[in-house]
Amino acid sequence: MVPVLPVVQVGDRLWLKRDDLHVPFSDTQMNGAKTYQCMNLIGSHLQTIRDKYAGTIYSDNFLQSPQGPIVSRVAKEYGLRCIIPVASDTQETALQHRSMQLVRGWGGEVDVVCQMGFALSSRAKQKYGDQYFRVRFGMSTDSPSVLRSVVDPVRQQVQAFDGLPTETMTLVVPVGSGVVFGSLLVGLAQRKIRFKRIVGVQISGYDRLDKIHRVVRSYGYELPEQHTQSSAMDFFQEVERVPAFDFVPDTTYSYARHISSTVGGVELDSQYEAKAWDWAVRTGISSDPLMFYIVGNSNCLR
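Here the structure is a predicted model, which means the values were calculated and not measured.

(A) Looking closely at the overall build of the chain. In terms of helices and strands, the chain carries 10 helices and 12 strands. What you see for the chain is a C-alpha radius of gyration of 19 Å, in line with the 19 Å of a compact globule of 302 residues. Taken along the three principal axes of its C-alpha coordinates, the chain extends 50 × 50 × 35 Å. A total of 302 residues make up the chain; the buried ones form 55% of that total. A separation of at least 24 residues holds for 71% of the contacts in the chain among residues at least 6 apart in sequence. Just so you have it, the chain exposes about 13,500 Å², and 47% of that area is on carbon and sulfur atoms. Charge separation in the chain, taken as the distance between the mean sites of 32 positive and 30 negative side-chain charges, equals 3 Å.

(B) Highlighting helix α5 (residues 98-105). Of the positions making up α5, those classed as buried are S99, M100, L102 and V103. Viewed end-on, α5 has its buried residues packed into an arc of 155°, placing them on one side of the element. In this structure, the buried side of α5 is in contact with α3 (67-78), β4 (81-87), α4 (91-94) and β5 (109-114). One or two steps after α5, the chain reaches G107, where phi turns positive at roughly 90°.

(C) Highlighting helix α10 (residues 273-283). All of the buried residues in α10 are E273, A274, K275, A276, W277, W279 and A280. After α10 finishes, the residue G284 shows a positive phi value of roughly 85°.

(D) Up close: the side chain of D111. For D111, the position within the fold is in strand β5. The exposure class of D111 is buried, given its relative accessible area of 14%. In this view, D111 contacts I83, I84, P85, V86, Q91, K127 and Y128; residues no more than four positions away in its chain are not counted.

(E) Main features of the packing of helix α8 (residues 179-191) against helix α9 (residues 209-217). At a minimum axis separation of 8 Å, α8 and α9 run at an interaxial angle of 40°. As the angle between them shows, α8 and α9 are arranged oblique. For the pair α8 and α9, the crossing hand works out as right-handed. Residues V179, F181, G182, S183, L185 and V186 of α8 form the contact with α9, whose participating residues are K211, I212, V215 and V216. Residues that form the contact of α8 with α9 fall into these classes: seven nonpolar, two polar and one charged.

(F) The arrangement of the pairing of β4 in detail. Along β4, six of the seven residues are buried, which leaves the element largely enclosed by surrounding structure. Looking at chain direction, strand β3 (residues 56-58) and β4 are connected through three bridges and run parallel. Within β4, the position partnered with T56 by the bridge is R81. Between the parallel pair β3 and β4, the chain is carried across by α3, and the sense of this crossover is right-handed.

(G) Representation of the nonpolar core within the structure. Counting 69 residues, the largest nonpolar core has I42, I57, F195 and F245 as the members making the most contacts within it. Take this core: its biggest share by element is eight residues, from α8. Not counting the four nearest positions on each side in its chain, F195 is found in contact with F161, T166, E167, M169, T170, L171, L188 and M291. The next biggest cluster of nonpolar side chains, apart from the first, holds 22 residues, and it includes Y272, W277, A280 and I285.

(H) Seen up close, the environment of P243. Tracing the backbone shows P243 in the loop between α9 and β9 (246-249). With a relative accessible area of 8%, P243 lands in the buried category. As for P243 and F195, which are separated by 48 residues in sequence, their C-alpha atoms are 8.5 Å apart. When residues no more than four places from it in sequence are discounted, the contact partners of P243 are L185, L188, A189, I193, R194, I198 and P224.

(I) Spotlight on the packing of aromatic side chains. Tallied over the full model, the rule gives seven aromatic pairs. Ring geometry for F161 versus F195: centroids 5.4 Å apart, planes at 90°, classification edge-to-face. Taken together, the residues F161 in the loop between α7 (144-155) and β7 (170-175) and F195 in the loop between α8 and β8 (197-202) connect sequence positions 34 residues apart. This pair shows no difference in class: F161 is buried, exactly as F195 is. Where F181 meets F245, the ring centres are 5.3 Å apart and the plane angle is 85°; that geometry is what we call edge-to-face. Of this pair, F181 sits in helix α8 while F245 sits in the loop between α9 and β9, and the two are 64 residues apart along the sequence. These aromatic residues form a ring-pair network of at least three members: Y58, Y128 and Y132. A cation sits over an aromatic face here: K34 above Y272, 4.3 Å from the ring centre. Over the ring of Y219 we find R148, and its NZ or CZ is 4.1 Å from the ring centre.

Parameters and conventions
- Residues numbered from 1 in each chain as written.
- Predicted model: local features only at pLDDT ≥ 70, side-chain atom pairs only at ≥ 80, totals over all residues.
- Heavy atoms only, no water.
- Helix = DSSP H or I, 4+ residues; strand = E, 2+ residues; numbered from the N terminus.
- Rg over C-alpha atoms; globule rule 2.2 N^0.38 Å.
- Buried < 20%, exposed > 50% of the residue type's maximum accessible area, 1.4 Å probe, protein only.
- Contact = heavy atoms within 4.5 Å.
- Areas by Shrake-Rupley, 256 points an atom, 1.4 Å probe, with all protein chains shown as cover.
- Lys, Arg positive; Asp, Glu negative; His and termini not counted.
- Charge placed at Lys NZ, Arg CZ, Asp CG, Glu CD.
- Arc of directions from axis to C-beta.
- Axes fitted to C-alpha atoms, helices over the stretch in contact; angles between N-to-C directions.
- Parallel < 35°, antiparallel > 145°, perpendicular 65-115°, else oblique.
- Left-handed = near helix turned anticlockwise from the far one by under 90°.
- Nonpolar A, V, L, I, M, F, W, Y, C, P; charged D, E, K, R; others polar.
- Pairing = 2+ DSSP bridges.
- Right-handed = clockwise from strand over helix to strand, strands pointing away.
- Core = buried A, V, L, I, M, F, W, Y, C linked by side-chain atoms within 4.5 Å.
- Phe/Tyr/Trp six-rings, centres within 6.5 Å; stacked < 30°, edge-to-face > 60°.
- Lys NZ or Arg CZ within 6 Å of the ring centre and 35° of its normal.

Such coordinate-based values are descriptive only and should not be taken to indicate function.
Now the structure itself:
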């Protein structure tokens, strides 16, 4: 069970939601939502993985992504075989990346299945198919059981907002795949928590509204009218919607670029949180009462 992680107030006008304080392993500072989502996904499907998939998982992974190390460390915790398919010229080139060295160090197998990243997903699925259990916790919205296993521990985190003056705050959330942001919207709707404004900042300019929509619909909600077209059926039945939000596909930085930043003495993830915080500073929103959601910090895995 994932604990509800705290909100820490920094000064008079800034609050930090600290999911990076979830550090479950003693041998690494690996932390945050990606870690607890992966643990919940694999843990809730553990018997199926052992019985149906020969105790083996695989997770196709870009060399720069922290997903491979996270999956391999969680697999080690559960005693599972772990394969990380990657795109690279050679095995030797792949293993020059710290993330792949960590995968190997935790018992994972690095498998070069193609040279170009655009072919990685299809090549990995072609090679391993349904033989082993595929872990894609940031992108899986197709399987209901997998989706709920990654959404539920996030949506429960909104309990940390109870008793805070959220109606006066702007909530800023870094967005990667959109699953965490969609999960938070579900949690806010369920607990009827309202912020003055909610902003999801996609850190490399991608439109994730479709993924967010699939997450909230799986829990019986619709997006606010500003992000969806009303259907004729809406006039004949009550439609429950998640709170209104702004979605910002920020194109200032490419996905691969890293920037360094700290806020309130807390180091931010250089690929996600630091870019969202940079947006908040550039737009002047950081001078208002602000809740900044630190989903995690994977700098130690890169």
